[in-house]
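Report on the structure
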Amino acid sequence: MIRKIAVDQLAVGMFIHDFNCGWMDHPFVTNQMLIKDQANIQKVIDAGIRELYIDTQQGKDVATAEGEAPPPTAEEVRVEIDQKIAEIVAAAPIVIPVPTLAEEVKRARKLHHDASKLIGTMMTDIRLGKQIEVDQCEPLVENIIDSIFRVPGALLPLAQVKTQDEYTFQHSVSVAALSVAFGRALDLPREEIKQLALGGLLHDVGKAKVPLVILNKPGKLTDEEFGVMKRHARASAELLEKTPGVSEIALKAAAQHHERYDGTGYPLGLKGDEISLHGQMLAIVDVYDAITSLRIYHKGMPPTEALRKMFEWSKFHFNPRLVQAFIKGIGIYPAGSLVRMESGRMGIVREVVAAKLLQPVVKIFFHAERQCYLDPETIDLSLSQDKIVAHESFEKWKIDQAQWL
Ligand SMILES: [Fe+2]
């Protein structure tokens, strides 16, 4: 009989069937051997072996006291391990503790707030005729990059929610965050991503030159007002041109964010590669964020629908290859979108990994068939048997997205 024993049960006269240390070297010539003396045992212990198999037909068995169960046989060990593996596989969904996500969300919330506030102050300063101070933005941009690189699902969904009054500032932060995610998807060097994000953070500073009545007008703008509003792109460029410390990348990205690939944009009507790569990228994230933004009186488009639209528009307005890269980078089920699983459960996508676009990390909290809320749990679909079957609308289910981010 083959038994599995602990090394401290090993005794002289036992026959080692398997050292149970397949991956490392043991100091013996053969893989099977009779323990002849105490020195043999010491050698096994010194090799760091903790458990091993003995053959009780070729050597002594373990001496067990009355009523004490003998060590398991090799077969019993195999059955037990198989059972445990079956349990692990069957116990879907596997709940993975993600303290980093919770911590990151907390950090991201503060970061989002601080960054929006900074842009707000900066725009007030510009209205008062003060200079932009790029130095103030840099630590925030670094923090945005760090946050997105650590856990993209923390900052990106937060950035979707905006308030009416602070829309412009919050939009700037979102554009910066999205451009980091985009730059990362394209594998751009960190310094280039930083300059792109800085351009994103400052792309709308020219709106400080737009009268507040037009900027904050809740309804539709008249043609004339729209004309005034459009001037912000040139104003951003002019403001950043005279700001020391603004790189060419950041400047072009900001100045060109309303240019369109087919030449129908403004202020210069640039076409194709006349627009810098970073200008082309910012144009994509600017529109994506604008249409997905959730405001109190404005229903944002679900991210999946927004990506569909972006793809449609890429025929004319955007560089199609870049839009494809953006979709790949942000995911089919982007962070922040509401999805329904095969099990009927629903949740918000928290984190998307590029290699597993269809299997993101989802925070589950609702059951579609039972029509009730569940205890929230975060599952990694790449480790679960459950899978996404549909994208759902927050509106239809009357779910407050902001509450679940
Ligand atoms: Fe803009």
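Structure report, in brief. Because the structure is predicted, anything quoted here is derived from the model rather than measured.

1. Describing the overall build of the chain
What the chain contains, in helices and strands, is 13 helices and nine strands. Relative to the globule expectation of 22 Å for 405 residues, the C-alpha radius of gyration of the chain, 30 Å, shows a markedly less compact shape. C-alpha extents for the chain along the principal axes are approximately 100 × 50 × 35 Å. Counting every position in the chain, which comprises 405 residues, the buried fraction comes to 49%. Intrachain contacts of the chain at a sequence separation of at least 6 include 65% that bridge at least 24 residues. Looking at the chain as shown, the accessible area adds up to about 20,500 Å², and 54% of this sits on carbon and sulfur atoms.

2. Things to note about the coordination of the iron ion
Around the iron ion, the protein contributes the donor atoms Asp204 (OD), His232 (NE2), His257 (NE2) and His258 (NE2), which lie 2.2 to 2.4 Å from the metal centre. Donor residues binding the iron ion come from one chain and are separated in sequence as D-x27-H-x24-H-H. With a relative accessible area of 13%, His258 lands in the buried category.

3. Points about the sheet that holds strand E1 (residues 2–6)
Taken in spatial order, the four strands make up an open sheet running E1-E4-E2-E3, and their pairing is antiparallel. Lying at the two open borders of the sheet, with one neighbouring strand each, are E1 and strand E3 (33–34). Sheet analysis places E1 next to strand E4 (residues 51–55), joined by five bridges and oriented antiparallel. In the strand pairing of E4, Ile2 is matched with Asp55.

4. What to know about the sheet that holds strand E5 (residues 338–341)
Neighbouring strands of a sheet are bound in pairs by backbone hydrogen bonds; such pairs are parallel or else antiparallel. Read across the open sheet, the five strands follow the order E8-E7-E6-E5-E9; overall the sheet is antiparallel. The open sheet has two edge strands, strand E8 (372–380) and strand E9 (388–392), and neither has a second partner. For this sheet the average axis-to-axis angle between neighbouring strands, irrespective of direction, equals 40 degrees. With seven bridges joining them, strand E6 (residues 345–353) and strand E7 (residues 356–367) adopt antiparallel strand pairing. From the neighbouring strand, Ile348 faces E7, where its bridge partner is Lys363.

5. What about helix H12 (residues 303–313)?
Those residues of H12 not exposed but buried are Pro303, Thr304, Ala306, Leu307 and Met310. The buried side chains of H12 occupy one side of the element, clustering within an arc of 160 degrees when seen end-on. On its buried face, H12 sits against helix H11 (277–292), helix H13 (320–330) and E9.

6. Some details on unusual backbone geometry
Cis geometry is found at the peptide bond from Tyr266 to Pro267, where omega equals 5 degrees. For Pro267, the position within the fold is in the loop between helix H10 (248–255) and H11. The phi torsion at Gln371 lies on the positive side, around 55 degrees, for a residue other than glycine. Summarising the element assignment, Gln371 is placed in the loop between E7 and E8.

7. Observations concerning the packing of H11 against H13
At a closest axis distance of 10 Å, the pairing of H11 and H13 adopts a crossing angle of 55 degrees. Classed by the angle they form, the pair H11 and H13 counts as oblique. Classified by chirality, the crossing of H13 by H11 is right-handed. Residues Leu277, Gln280, Met281, Ile284, Val285 and Tyr288 of H11 lie in contact with H13, whose contacting residues are Leu322, Val323, Phe326 and Ile330. The residue makeup of the contact of H11 with H13, split by class, is nine nonpolar, one polar and no charged.

8. Some points on the pattern of salt bridges
Inspection of every chain in the model, using the stated rule, returns 19 salt bridges. Between Arg78 and Asp82 there is a salt bridge, with its nearest N and O atoms 3.2 Å apart. Remark: Asp82 and Arg78 occur in helix H2 (residues 74–90); sequence separation between them is four residues, near one turn of the helix. The partly exposed category is assigned to Arg78, whose relative accessible area is 44%. Linking Lys194 and Glu142 is a salt bridge whose minimum nitrogen-to-oxygen distance equals 3.3 Å.

9. A short note on the nonpolar core
In this structure, Ile144 and Ile399 are the most contacted members of the largest nonpolar core, which totals 75 residues. Looking at this core, the element that brings in the most residues is helix H3 (residues 99–127), giving nine residues. Counting the residues that make up this core, at least three belong to each of domain 2 (99–330) and domain 3 (338–404). Among residues more than four places away in sequence, those in contact with Ile144 are Leu111, Leu155, Val173, Ala176, Ala177 and Val180. Listed in part, the 16 residues of the second largest apolar core include Val7, Phe28, Ile35 and Val44.

10. Description of a nonpolar patch on the surface
On the surface, Ile81, Ile85 and Val89 cluster together into a nonpolar patch covering about 260 Å² of accessible area. Assignment of secondary structure puts Val89 in helix H2.

Rules and cut-offs
- Residues numbered from 1 in each chain as written.
- Predicted model: local features only at pLDDT ≥ 70, side-chain atom pairs only at ≥ 80, totals over all residues.
- Heavy atoms only, no water.
- Helix = DSSP H or I, 4+ residues; strand = E, 2+ residues; numbered from the N terminus.
- Rg over C-alpha atoms; globule rule 2.2 N^0.38 Å.
- Buried < 20%, exposed > 50% of the residue type's maximum accessible area, 1.4 Å probe, protein only.
- Contact = heavy atoms within 4.5 Å.
- Areas by Shrake-Rupley, 256 points an atom, 1.4 Å probe, with all protein chains shown as cover.
- Donors = N, O, S within 2.8 Å, 3.2 Å for Na, K, Ca; no water.
- Pairing = 2+ DSSP bridges.
- Axes fitted to C-alpha atoms, helices over the stretch in contact; angles between N-to-C directions.
- Arc of directions from axis to C-beta.
- Parallel < 35°, antiparallel > 145°, perpendicular 65-115°, else oblique.
- Left-handed = near helix turned anticlockwise from the far one by under 90°.
- Nonpolar A, V, L, I, M, F, W, Y, C, P; charged D, E, K, R; others polar.
- Salt bridge = Lys/Arg side-chain N within 4 Å of Asp/Glu carboxyl O.
- Core = buried A, V, L, I, M, F, W, Y, C linked by side-chain atoms within 4.5 Å.
- Domains from an automatic or database assignment.
- Patch = residues over 30% accessible without salt bridge, like charges linked within 9 Å, V, L, I, M, F, W, Y side chains within 5 Å.

Keep in mind these numbers describe shape, not what the thing actually does.
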